[in-house]
Amino acid sequence: MTSSPKILILNPISDRQKNFITAVAPAATIIPADIKQAAGLIHDVEILVAWGFNNIRPFYGQARNLRWIHAMTAGVESLLFPETQNSPVLLSNSKGIHGIPMAEHVLGLMLSFTRRLNLLHRQQQQHLWSRPAIDDLHEINGKTIAIVGLGSIGHEIAKKAKAMDMTVIAAKREMTKELFVDRLYPPEQLLEMLADADFVVVTLPLTDTTKNLFGRDQFAAMKPSAYFINVSRGSVVQEDALLTALQSNQIAGAGLDVFVEEPLPEISPFWDLPNVIITPHLSAISPVYLDRALKLFADNLACYLSGKPLLTPIDKARGY
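Conventions used here
- Residues numbered from 1 in each chain as written.
- Predicted model: local features only at pLDDT ≥ 70, side-chain atom pairs only at ≥ 80, totals over all residues.
- Heavy atoms only, no water.
- Helix = DSSP H or I, 4+ residues; strand = E, 2+ residues; numbered from the N terminus.
- Rg over C-alpha atoms; globule rule 2.2 N^0.38 Å.
- Buried < 20%, exposed > 50% of the residue type's maximum accessible area, 1.4 Å probe, protein only.
- Contact = heavy atoms within 4.5 Å.
- Areas by Shrake-Rupley, 256 points an atom, 1.4 Å probe, with all protein chains shown as cover.
- 1 Å grid on protein atoms, 1.4 Å probe; cavity = no way out; pocket = protein on both sides within 12 Å on 5 of 7 lines; lining within 4 Å.
- Points joined across faces, edges and corners; volume = space filled by probe spheres on them.
- Nonpolar A, V, L, I, M, F, W, Y, C, P; charged D, E, K, R; others polar.
- Pairing = 2+ DSSP bridges.
- Axes fitted to C-alpha atoms, helices over the stretch in contact; angles between N-to-C directions.
- Phe/Tyr/Trp six-rings, centres within 6.5 Å; stacked < 30°, edge-to-face > 60°.
- Salt bridge = Lys/Arg side-chain N within 4 Å of Asp/Glu carboxyl O.
- Expected span 1.5 Å × (residues − 1).
- Right-handed = clockwise from strand over helix to strand, strands pointing away.

**Student:** Can you explain the overall build of the protein? Please cite residues and give values.
**Tutor:** Regarding its fold elements, the protein presents 11 helices and 12 strands. Scaling as 2.2 N^0.38, a compact globule of 320 residues should have a C-alpha radius of gyration of about 20 Å, and the protein matches this with 22 Å. Projected onto its principal axes, the C-alpha coordinates of the protein cover approximately 65 × 45 × 35 Å. Among the 320 residues that make up the protein, the fraction classed as buried is 51%. Once local pairs closer than 6 in sequence are excluded, the contacts in the protein between residues at least 24 apart make up 59%. Surface accessibility of the protein: about 15900 Å² in total, with carbon and sulfur atoms responsible for 53%.

**Student:** Can you tell me about empty space enclosed by the protein, naming the residues and giving the values?
**Tutor:** Enumeration according to the criterion identifies two cavities of 30 Å³ or more in this entry. The calculated volume of the largest cavity comes to roughly 40 Å³. In this structure, the largest cavity is lined by Phe228, Asn230, Gly234, Val237, Glu239, Leu242, Leu256, Val258, Phe259 and Phe270. Breaking the lining of the largest cavity down by element, the ones donating at least two residues are β10 (227-230) and α10 (239-247). Its residues placed into classes, the lining of the largest cavity shows seven nonpolar, two polar and one charged. There is about 40 Å³ of room inside the second largest cavity. Along the walls of the second largest cavity sit Ala103, Val106, Leu107, Met110, Ile145, Ile157, Lys160 and Ala161, which together make up its complete lining. Those elements giving two or more residues to the lining of the second largest cavity turn out to be α5 (99-114) and α7 (152-163). Examining the composition of the lining of the second largest cavity, we find that four residues originate from one element, α5, more than from any other.

**Student:** Kindly report on the sheet that holds strand β11 (residues 253-256), identifying the contributing residues and their values.
**Tutor:** Within the open sheet, the seven strands sit side by side as β8-β7-β6-β9-β10-β11-β12. Their pairing is parallel. Each end of this open sheet is capped by a strand with a single partner; those strands are β8 (183-185) and β12 (276-278). If you compare each strand with its neighbour and ignore which way they point, the axes differ by 15° on average.

**Student:** Describe the environment of Ala28, listing the residues and the values that go with them.
**Tutor:** For Ala28, the position within the fold is in the loop between α1 (15-22) and β2 (29-32). Overall, the relative accessible area of 13% leaves Ala28 in the buried class. For the pair Ala28 and Lys223, spaced 195 residues apart in sequence, the C-alpha separation works out to 55 Å. Discounting chain neighbours no more than four positions away, the residues touching Ala28 are Ser4, Pro5 and Ile7.

**Student:** Hey, could you go over the environment of Ala74 for me, with residue numbers and the actual values?
**Tutor:** Mapped onto the secondary structure, Ala74 falls in the loop between β4 (68-71) and α4 (82-85). Sequence spacing of Ala74 and Asn93 is 19 residues, and the spatial spacing of their C-alpha atoms is 5.4 Å. The residues touching Ala74, leaving out its near neighbours within four places in the chain, are Asn93, Ser94 and His98.

**Student:** If you had to explain the packing of aromatic side chains to someone new, which residues and values would you point to?
**Tutor:** A full pass over the atoms with the stated rule returns 11 aromatic pairs. Aromatic pair Phe214 and Phe228: ring centres 5.2 Å apart, planes at 55°, arrangement tilted. Here Phe214, found in the loop between β9 (199-202) and α9 (216-221), pairs with Phe228, found in strand β10; they are 14 residues apart in sequence, far enough to count as distant. Using a relative accessible area of 0% as the deciding quantity, one classes Phe214 as buried. Residue classification places Phe228 among the buried residues on the basis of a relative accessible area of 0%. A network of ring pairs unites the aromatic residues Trp51, Phe53 and Tyr289 as a single cluster.

**Student:** Talk me through the pattern of salt bridges; I want residue IDs and the actual numbers.
**Tutor:** Under the defined criterion, the tally for this structure stands at nine salt bridges. Of the charged contacts in the structure, one is a salt bridge between Glu178 and Lys172, with a shortest N-O distance of 3.6 Å. For the pair Glu178 and Lys172, one class covers both residues: buried.

**Student:** Can you lay out α7 for me, pointing to particular residues and giving the numbers?
**Tutor:** Three- or four-residue spacings in an α-helix give side chains the same orientation, since the helix completes a turn every 3.6 residues. With 12 residues, α7 should cover 16 Å at 1.5 Å per step; its first-to-last C-alpha distance of 17 Å lies within 8% of that length. Of the positions making up α7, those classed as buried are Ile153, Gly154, Glu156, Ile157, Ala158, Lys160 and Ala161. Of the surrounding secondary structure, the elements contacted by the buried residues of α7 are α5, β6 (144-148), β7 (167-171) and β9. Phi for Asp165, located one or two positions after α7, is positive at around 60°.

**Student:** Provide a residue-level description of the layout of surface pockets, including the pertinent values.
**Tutor:** The probe, sized like a water molecule, is rolled over the atoms to show the empty space still left. Estimates place the volume of the second largest pocket at around 180 Å³. Lining the second largest pocket are Phe113, Arg116, Asn118, Leu119, Arg122, Pro132, Asp136, Tyr227, Ala252, Pro274 and Asn275. It is helix α6 (residues 117-125) that provides the largest number of residues to the lining of the second largest pocket, a total of three residues. Taken together, the residues of the lining of the second largest pocket sort by class into six nonpolar, two polar and three charged.

**Student:** Describe the pairing of β7, listing the residues and the values that go with them.
**Tutor:** Of all the five residues making up β7, four are buried; the element is thus mostly covered by neighbouring parts of the structure. Inspection of the sheet shows β6 paired to β7 by five bridges, in the parallel sense. Across the sheet, residue Ile145 finds its bridge partner in β7, namely Val168. Taken together, β6, α7 and β7 form a β-α-β motif whose crossover is right-handed. Judged from the three bridges that link them, β7 and β8 form a sheet pairing that is parallel. Paired with Ala170 across the strands is Leu184, a residue of β8.

Remember, this is a structural readout, not a statement about activity or role.
Structural data, given as C-alpha cells:
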C-alpha cells in the first residue's frame, strides 16, 4: 500500500468525478481506460476499479502490483475466478448505491400491473379507448409484497412499499428487527412466505446457493393472482418453470429485468406473453449512478489508505 496509488478505472470519468478520488488521495495516479486497453496498463497498477461483468481474467496475471479490485456494481461474478479467490487481493463492490432507482423500478412495475398500464399502452398504440373491467383494476395499497433478498436494495424497496401502505414480508438468514418489514421468514420457510404474497420481488445476489432457486415448486406456492418481479440475476430463476407458470396463468404475471441469456433472444416466447413486462436490465441505471459509485469508491479508498477495513468488502468464498 502506498500513499500515491496507481488506480486504473475501466470507464471514462469526468474531472468532477476524478475530484472525488483526489480529495481523498491527492497524490494518486488515476487512469481511466477501456477494458481493451487494460492489458497494456495493468502491470504496475495497485487498484483496479472495474465493472462486475468485466472479464479481467485474460490480463489478471500481468497485474504484479495489484492489491485491491473494486467493482462499480453490486454483482462481482466476472471478477471471481480461482486466481482472484486464491490471492490476497482485496475485493469490494458498490453495494448500497442501487436501492433508489431499483426500488422505483419495482414500484413502477407493480403499479403498471395493478393499473393495467401495460395493457393501456398497447391500446393507445391502437388508438383504442377501452376501459378494463373494474375487477381488473387494483390498488397496491393493502397488498403484500414479499422481498427475497433483504440487502440494501431490498431495504429500499421495503421502505417505499411501506410508504404505499403495503404489508412487507421478507426472507432473511438472520431474524433481525427491520424497520420497514412486518414479518421475516427464514430461507427454509420460503414456500410459506410466497403463499402469502401478492408480489414476489427477487433482489438476491447470484451465488451457488441462489442459482435456480425459483422453480416449479416456488411458482406453484404463489397465489394465482400474484406477480413475480426479478431485478437480480436471470440465473436465479429456472426460466422453463417460469414460462410454464405464466402461460398456464398459474401466476398473474411477471416483471422481468434480467434473463439467463442477455440480450433476450428475439425468438424467446417471453416477448409475446401479454402478462409479462420486459425491461432490458436497466433497473439500476440512473444519471447519477457513476457519481454514486465513485463516491463510494472514494470512501473505501480513504479506509484503504488508513489501513481500516473496507466499507463494502466481498467475501470471495461466498461471492457477496
